[in-house]
Amino acid sequence: MIQTKLLPRVFIHTENGQKIRLTDPNEDFSPEAVCNHFANLYAILTTAKIVGPEFKDDFREYEFVSTIGTKG
């Protein structure tokens, strides 16, 4: 019998040039709900775009990209 398994999700937020790896608070949350959840800790995430998923090292990686503070 073939079994399928979803890869675990990882969320990345870049702050001051450093990537911060955020764990998945609940697998049932959509990526938007996870972003809203972490917006309590990182206020800049309130306007972030979600990029992904990208499959890396047996994870589904989503990145929260903020446009605040960028020019152009």
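Preceding this section is the structure that the text describes.
Residues numbered from 1 in each chain as written. Predicted model: local features only at pLDDT ≥ 70, side-chain atom pairs only at ≥ 80, totals over all residues. Heavy atoms only, no water.

A few words on unusual backbone geometry. Along the chain, glycine 52 connects to proline 53 via a cis peptide bond; the corresponding omega equals 15°. Relative to the assigned elements, proline 53 resides in strand 3 (residues 49–56). You will see that asparagine 16, though not glycine, has its phi angle at about 55°, which is positive. Examined against the element boundaries, asparagine 16 turns out to sit in the loop between strand 1 (9–15) and strand 2 (18–23). Looking at asparagine 16, the relative accessible area reads 75%, which means it is exposed. (Helix = DSSP H or I, 4+ residues; strand = E, 2+ residues; numbered from the N terminus. Buried < 20%, exposed > 50% of the residue type's maximum accessible area, 1.4 Å probe, protein only.)

Let us look at the nonpolar core. The biggest cluster of nonpolar side chains holds 10 residues, and these are Phe11, Leu22, Val34, Cys35, Phe38, Ala39, Leu45, Ala48, Tyr62 and Phe64. Counting only elements with at least two residues in this core, the list comes to helix 1 (31–38) and strand 4 (59–65). In terms of residues, this core owes the most to one element, helix 1, which gives 3 residues. (Core = buried A, V, L, I, M, F, W, Y, C linked by side-chain atoms within 4.5 Å.)

Quick look at the side chain of arginine 9 now. Turning to its location among the elements, arginine 9 is positioned in strand 1. A polar contact of 2.8 Å, which involves the side chain of arginine 9, links it to the side chain of aspartate 24. A polar contact of 2.9 Å, which involves the side chain of arginine 9, links it to the backbone oxygen of phenylalanine 29. (Polar contact = N/O pair within 3.5 Å; in protein donor to acceptor, adjacent residues only side chain to side chain.)

By themselves these figures say nothing about function.
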